[in-house]
Amino acid sequence: MKALIIVFLLLLGVMMIVSKETNNIEYNELTAEERRVIENKGTEMPYSGQYNNFYADGTYTCKKCGQELFDSDTKFSSGCGWPSFDDAIEGKVKEIPDADGIRTEIVCANCGAHLGHVFRGEGFTEKNTRHCVNSISMNFTPVSEEEATAYFAGGCFWGVEYLFQKKEGVISTEVGFMGGHVKNPGYYEVVRGDTGHIETTKVVYNPSKISFEELAMYFFEIHDPTQVNGQGPDIGQQYKSVVFYNNKEEKNITNKLIQILENKGYDIATELIKAEDFYKAENYHQDYYDKKGSLPYCHSYQKRF
């Protein structure tokens, strides 16, 4: 009898180990902030999520289990500060009454991960439905893996980002800092000139829709590339005009464009610096003009090519 009990306990231990390994395979490891939202039904700050102002073609999946949730063609801009979808992939998102007794919560139908809430009757689209989802609850799988990144600095990064967001072929943008000597700088450190960083816009784009050369040309047309150490009323080395190039090809393309402009009589102040570490700025700087509902004060389009 004692021997049978020992065998039973050994088998039970093996089953627990197998179960644990299966769970590790089935569910992705989450950070503390991801657990706060996904498992504890929290909410990320509005306008802070990486998919809020993001419109690439592909599929949004559950960050916890990987199940497909939303197709990109159902995503729309609602101005609410969180990614919005007017439909979910059939059978993949479950609606349940929220604990507040008023709203309707949406969760992953496979693992129960908290996604956000669903609202109806707002009139944003013909489907009259808005799935309001936390970016942190999702991953994104593009239709094509083809994407590239460019870095441009042209004064206050609020205005540079705003105008690049309007350019066809641009997938997403972020504002941050590049070119300095301090790791993980904060905005006020940069403003004081303590770090040597320059306000920079990271532009992720689809090369099949727009080339680096077209982006660089646009960059020279949305700010004043002749102004030294500043842009408009913003004066200081952190506001100077720079193209941070990733490779020799980008450097050569930018030099060619500068030569064209100088041949037209422009005294170009734009510098070329090898791209290194990019540090994302605080969330309140991201999508600044969309949040504020106004237009850039020192950036506008002027055709130069």
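These lines cover the structure that appears in this document, whether it is placed above or below. What you see is a predicted model, and the numbers here were worked out from it, not measured in a lab. (Residues numbered from 1 in each chain as written. Predicted model: local features only at pLDDT ≥ 70, side-chain atom pairs only at ≥ 80, totals over all residues. Heavy atoms only, no water.)

1. Here we look at the overall build of the protein
Next, step 1: Helix and strand counts for the protein stand at seven helices and 17 strands.
Next, step 2: Each of the three principal axes of the protein carries a C-alpha extent, and together these read 95 × 50 × 40 Å.
Next, step 3: Of the roughly 15,900 Å² of accessible surface on the protein, 51% is carried by carbon and sulfur atoms.
Next, step 4: When the 31 positive and 44 negative side-chain charges of the protein are each reduced to one mean point, those points stand 3 Å apart. (Helix = DSSP H or I, 4+ residues; strand = E, 2+ residues; numbered from the N terminus. Areas by Shrake-Rupley, 256 points an atom, 1.4 Å probe, with all protein chains shown as cover. Lys, Arg positive; Asp, Glu negative; His and termini not counted. Charge placed at Lys NZ, Arg CZ, Asp CG, Glu CD.)

2. Considerations on the sheet that holds strand β1 (residues 58–62)
Next, step 1: Within the open sheet, the three strands sit side by side as β2-β1-β9. Their pairing is antiparallel. What marks the edges here is a single partner per strand, and that holds for β2 (68–71) and β9 (138–142). When the angles between neighbouring strand axes are averaged without regard to direction, this sheet yields 30°.
Next, step 2: Pairing analysis gives five bridges linking β1 to β9, with the strands arranged antiparallel. Within β9, the residue paired with T59 across the bridge is T141. (Pairing = 2+ DSSP bridges. Axes fitted to C-alpha atoms, helices over the stretch in contact; angles between N-to-C directions.)

3. Some remarks on the nonpolar core
Next, step 1: In terms of nonpolar packing, the biggest core is built from 35 residues, with F152, F157, F164, F212, L215 and F220 touching the most fellow members.
Next, step 2: Secondary structure elements with two or more residues in this core: β10 (148–154), α3 (157–165), β11 (170–178), α4 (187–192), β12 (198–205), α5 (212–221), α6 (248–263) and α7 (288–292).
Next, step 3: If we skip the residues at most four places from it in the chain, F164 touches F152, V170, T173, V203, L215, Y218, F219 and I222.
Next, step 4: Ranked by size, the runner-up nonpolar core spans 23 residues in total, among them A56, F70, C111 and A113. (Core = buried A, V, L, I, M, F, W, Y, C linked by side-chain atoms within 4.5 Å. Buried < 20%, exposed > 50% of the residue type's maximum accessible area, 1.4 Å probe, protein only. Contact = heavy atoms within 4.5 Å.)

4. Some points on the pattern of salt bridges
Next, step 1: Summed over the entire model, instances satisfying the criterion amount to 15 salt bridges.
Next, step 2: With its nearest N and O atoms 2.7 Å apart, the salt bridge here joins D100 to R103.
Next, step 3: Look at R103 and you get partly exposed, because its relative accessible area is 37%.
Next, step 4: Taking the shortest distance from any N to any O, the salt bridge between R130 and E122 comes out at 2.7 Å.
Next, step 5: Exposure remark for E122: the relative accessible area of 36% places this residue in the partly exposed category. (Salt bridge = Lys/Arg side-chain N within 4 Å of Asp/Glu carboxyl O.)

5. Observations regarding the pairing of β12
Next, step 1: Extensive coverage of β12 is indicated by the burial of seven of its eight residues.
Next, step 2: As judged from the eight bridges shared by β11 and β12, these two strands associate in the antiparallel manner. Looking at the pairing, V175 lines up with T201 of β12.

6. What about the packing of α5 against α6?
When two helices pack together, their arrangement is given by the angle between the helix axes and the distance between those axes.
Next, step 1: At their nearest, the axes of α5 and α6 sit 10 Å apart, and the two run at 40° to each other. The angle between the axes of α5 and α6 places the two elements in the oblique class. Every pair of crossing elements has a handedness; the one defined by α5 and α6 is right-handed. Across the interface between the two elements, F212, E213, A216, M217 and F220 from α5 touch E250, I253, T254, K256, L257, I258 and L261 from α6. (Parallel < 35°, antiparallel > 145°, perpendicular 65-115°, else oblique. Left-handed = near helix turned anticlockwise from the far one by under 90°.)

7. Here we look at the environment of M178
Next, step 1: Mapped onto the fold, M178 is located in strand β11.
Next, step 2: For M178, a relative accessible area of 0% corresponds to the buried category.
Next, step 3: Taking C-alpha positions, M178 is 8.4 Å from F244, a pair spaced 66 residues apart along the chain.
Next, step 4: Look past the residues within four positions of M178 in its chain and what remains in contact with it is Y151, H197, I198, T200, F244, A275, E276, D277 and F278.

8. Considering α3
Next, step 1: By the criterion of burial, α3 is predominantly enclosed, with nine of the nine residues buried.
Next, step 2: Every buried residue of α3 is accounted for by F157, W158, G159, V160, E161, Y162, L163, F164 and Q165.
Next, step 3: In this structure, the buried residues of α3 make contact with β10, β11, α4, β12, α5 and α7.

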